[in-house]
Structures are given as C-alpha cells and as structure tokens.
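# Coordinate inspection notes
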Amino acid sequence: MRHERAQAGGSFLIDVKGTIVGFDGDMERLTGWTAADVVGRLAGARLLADGAFDPAAARDSVEMALLGRDGHVIDVEATVTQSAAAPNRYTVSVLRVVSRAESERPSSAGRDPLTGLAARETFLERLGVEMREASSTGRPLAVVVADVDHLRKVVDAHGREAATNVLRKLAGVLRAIVRDGDLVARVEDDDFAVILPGLGRGSARQIAARLRSNVERTRFTALWDPDVTFGVTLSLGAASYPTDADNETDLLSRAHEALKEARALGRNRVWCYTRRPRVPLRTPVYLDGSSPLLLGYSQDLSPSGLFVSTPAPIDIGMRCALSFPLPTSQGNVHVIGRVVRTVPSSGMGLEFEKFGPQDRHAIEAYLYENESRTLRPEGRVFSV
C-alpha cells in the first residue's frame, strides 16, 4: 500500500533550555519518533541532527535538520513562536520538508554512490516490474525525468565541489516530494528520473510541478564561503501509460522527448509528452450514469483527453464518468476522465484515465481520420 507523504509536518513545544515538552501526531508521522520517545529530553540529544538549538534566538522561518527514528536526516523549514501564556516556551511548526537523506549507505548495491538514490540499472529494472503490473491491472503508470539547468555555470562560478553538493542536496529535495512507494533515481550525470506507480498524466504533472518549484526555492551554499548562496532550476518531462506508451521503453523515451521540449521552451518548466495534435470536435459531453447529464460541449479531442466548454467547471482533480458521441462510431464512447485544468467562464480540460471496451480504438480511429484538421498542439494545453 502506498501513502502520500505529507509536505508539512506538525509542531513541537520546546522550553528555553532546549527540552522538548510537547510533540504532536504530525511530528510523530514525520520523524517516526513517538511523544514518549522525545518529551522530557533535550532536542539536541535525539531530535535535532545538528545538536543544540536556541529557540529564543530564532527569527521568522528557520531551516532545521531533524533526525528521524530510522536514521534519516530530514531538512525542514519551520517557524518558531514564543508562547504568550508561557514566555519561556516556544512552538516550532514545520512549514515544509525541504529534503530527506537516505538512511542506507550510498555505496549499497543498486544505488548511486554520490547521491544515495537508485542507480540507472535499478531504475530500469523497477520500471519493467511496474510496467508489467500496470499492464495486468489496468492502472496507470507515469515517469518523470528531470535535468539540472546549466549546471556547468555552477561549476564555473563556484567550483566542481559546489556542483557535486548541488546534486547531493537535490536528491534529498526530490525524495521529500514523492510518495513512499515511488522511486527516485539518478540516471546520468545531472539527470534524475522518478517512477510514479498508479498515477496518470495529470497527477504526474502536479508532482513534477512541485519538484520544480521546491528546487527553485532551495538555496545552495558555495563551499568556499558559506555566506554566498545561489539557486538552480530543473526542467522536467513527463509521460504516462497507457495514454502515451504501451511499454517501458517507449514510456521512458517519450518522457525524454517531453524534457527536450521543456528545455527548448526556456527551461525551468514542466512539459508533458505530446503524441499527436488535437483535432476539433464539437459534440455534447455527458456525465455518465443511470441518467446522463449534459456537462457541456467539447472543443477538441486528443488521445489523452478533451476540452469541454461548460459554465461551471468541476474542481481540478475530480474524476468523472463521461460519455460522448463520435461521428465515426455508433453510440457513445465511455471514459473515466480527470479534470487537470480549468479556465474561468470557459471550461475545463480532462485527461482520460480509463476507457470502455473498444472506446479507445474508436477515439484513435477518429483522430487518425481527422489529423489534417489540427487545432493546436496538444502540449500547449497541458504545459506548466
């Protein structure tokens, strides 16, 4: 069973001497420690990887290194607030997880020795396993590939060791975003890849967008002067099964094609693979069920989704059973669609996640016959 990893991690109460006097459930889930493990103990002796912490000296947001029970180091951004009722006590609230370090030794089998992430061979092996499972169960599978933008400039400005430190820290930043069942790997020098079992294009794009924004917010330190900090950015490409590919080789290749497009468009962005141009389609779209309800009218169609004009778009992330007629088929086609984009007073974009019997073939056939009448490239709709 896979669980989403929380992005903010609760709070704990500490007194002026550094003793933990309160520890909430979210902190227990974040660190693995129970309240009984840490309450009454000095924070620097068990919870803080960097040792002692003076809460009275903290101002606004601070970066802290928490030590998880299993040996992970968890870098977080937190706020420290003095208690109005008890001035000698302070509440430390975690705003976000910045990065996570692995507890396993980086040199362990199947891992990249620099970052501790899975190595390329491990990534490819796991991708094959997940593809076979996805094929047998019918669930989606997504791959995101990422490249550090202009890492050579970091080398030129701050030295090779600083660039190496960037790669190590990026590994933790990426791990902090993904779920426990996902796999993050370093597949080449400054290229990373993530396997996202059970997720389609929309969810993969959202995770990739969070990866991009968290990296952009992270500051790195020049090793020759700790007062000198700098930032880096990522370009990311995503592809999903079964929308974009039918096997792991094509899935990875198409994620790299999307990454190439993200670079060409200026970098520091997410791009999803575009298999074929969208074609115009003006047809009623219904919310399926025992009594179908008219949702609106489609504007265009692609192998992976359609845009529906409707005065009341459904919230992003909602999955809907849909049906709509095609001029080239008898009766309606039936799909499960997920809302991935809304346009105020205009409509919403839906990504196909599941097709009824023969319905995917009917959509493909219609698109094949009407490719010459393209409206716009599919990727222009689904970029981030």
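These lines cover the structure that appears in this document, whether it is placed above or below. (Residues numbered from 1 in each chain as written. Predicted model: local features only at pLDDT ≥ 70, side-chain atom pairs only at ≥ 80, totals over all residues. Heavy atoms only, no water.)

## Considering the overall build of the protein chain
Put simply, the rule reads: Numbered from the N terminus, helices here are DSSP runs of H or I no shorter than four residues, and strands are runs of E no shorter than two. Three exposure classes are used, based on accessible area relative to the maximum for each residue type with a 1.4 Å probe and protein chains only: buried under 20%, partly exposed in between, and exposed over 50%. Should any heavy atoms of two residues lie within 4.5 Å, those residues are counted as being in contact. Shrake-Rupley sampling with a 1.4 Å probe provides the accessible areas, and residues are treated as covered by the protein chains on show and by no other component. In this charge count, Lys and Arg are treated as positive and Asp and Glu as negative; neither His nor the chain ends contribute. For charged residues, the charge sits on one atom: NZ in Lys, CZ in Arg, CG in Asp, CD in Glu.
When helices and strands are tallied, the protein chain shows 10 helices and 19 strands. With the C-alpha coordinates aligned to their principal axes, the bounding extent of the protein chain is approximately 75 × 50 × 35 Å. Taken over 384 residues, the protein chain has a buried fraction of 50%. Partitioning the contacts of the protein chain with sequence separation of at least 6, the portion at a separation of at least 24 is 60%. When the accessible area of the protein chain is evaluated, it comes to approximately 17,600 Å², of which 49% is carbon and sulfur surface. With 48 positive and 49 negative side-chain charges, the protein chain shows a spacing of 2 Å between the two charge centroids.

## Notes on the sheet that holds strand β2 (residues 20-23)
Heads up, the rule is: Being paired, for any two strands, means DSSP has found at least two bridges between them. Angular values range over 0 to 180 degrees, each being the angle between N-to-C directions of two axes fitted as lines to C-alpha atoms, with helices fitted over their stretch in contact.
Spatial ordering of the open sheet is given by β2-β1-β5-β4-β3, a layout of 5 strands whose pairing is antiparallel. Bordering the open sheet on either side are β2 and β3 (61-67), each of which pairs with just one other strand. Along the sheet, successive strands turn relative to each other by an average axial angle of 35°, direction set aside. Relative to β2, strand β1 (residues 11-15) runs antiparallel, the two sharing 3 bridges. By the bridge assignment, I14 is partnered in β2 with I20.

## Some details on the pattern of salt bridges
Here is the rule we go by: The working definition used for a salt bridge is a side-chain nitrogen of Lys or Arg within 4 Å of a carboxyl oxygen of Asp or Glu.
Counted according to the given criterion, the structure contains 14 salt bridges. One salt bridge connects D26 with R29, and the closest N-O pair in it is separated by 2.4 Å. With D26 and R29 both in helix α1 (residues 25-31) and 3 residues apart, the pair spans about one turn of that helix. Residue class for R29 comes out exposed when judged on its relative accessible area of 64%. R360 is paired through a salt bridge with D246; the nearest N and O atoms lie 4.0 Å apart. Within this pair, whereas R360 is found in helix α9 (residues 359-369), its partner D246 is found in the loop between β11 (234-241) and α8 (248-264), the two being separated by 114 residues in sequence. The network of salt bridges with shared partners includes R126, E130, E133 and R139.

## A closer look at the pairing of β11
One face of the sheet, then the other: side chains in a regular strand alternate in exactly this way. The element β11 is extensively covered by neighbouring structure, given that 8 of its 8 residues are classed as buried. Residues L234, L236, A238 and S240 of β11 are buried on one face, and the alternating residues S235, G237, A239 and Y241, pointing to the opposite face, are buried as well. In this sheet, β11 lies alongside strand β6 (residues 141-148) in antiparallel orientation, the contact comprising 8 bridges. By the bridge assignment, V145 is partnered in β11 with G237. Examined bridge by bridge, β11 and strand β12 (residues 270-272) share 3 bridges and lie parallel to one another. Counterpart to A238 in the pairing with β12 is C272.

## Overview of the packing of aromatic side chains
We count it as follows: The aromatic pairing rule takes the rings of Phe, Tyr and Trp, using the six-membered ring of Trp, and pairs them if the centres are within 6.5 Å, calling planes under 30 degrees apart stacked, those over 60 edge-to-face and the rest tilted. Criterion for a charge above a ring: Arg CZ or Lys NZ at most 6 Å from the ring centre, at most 35 degrees from the ring normal.
The final tally for this structure, using the stated rule, is 4 aromatic pairs. With centroids separated by 6.5 Å and ring planes inclined at 40°, the aromatic side chains of F12 and F23 adopt a geometry described as tilted. Of this pair, F12 sits in strand β1 while F23 sits in strand β2, and the two are 11 residues apart along the sequence. Assessed through its relative accessible area of 2%, F12 is described here as buried. Arranged with centres 6.0 Å apart and planes meeting at 25°, the rings of F220 and F230 form a pair that is stacked. Separated by 10 residues along the polypeptide, F220 in strand β9 (residues 220-222) and F230 in strand β10 (residues 225-230) bring together distant segments of the chain. Accessibility expressed as a relative area gives 8% for F230, which makes it buried. Here the guanidinium or amino end of K169 rests over the ring plane of F220, the centre of that ring lying 5.5 Å away.

Structural measurements only, silent on function.
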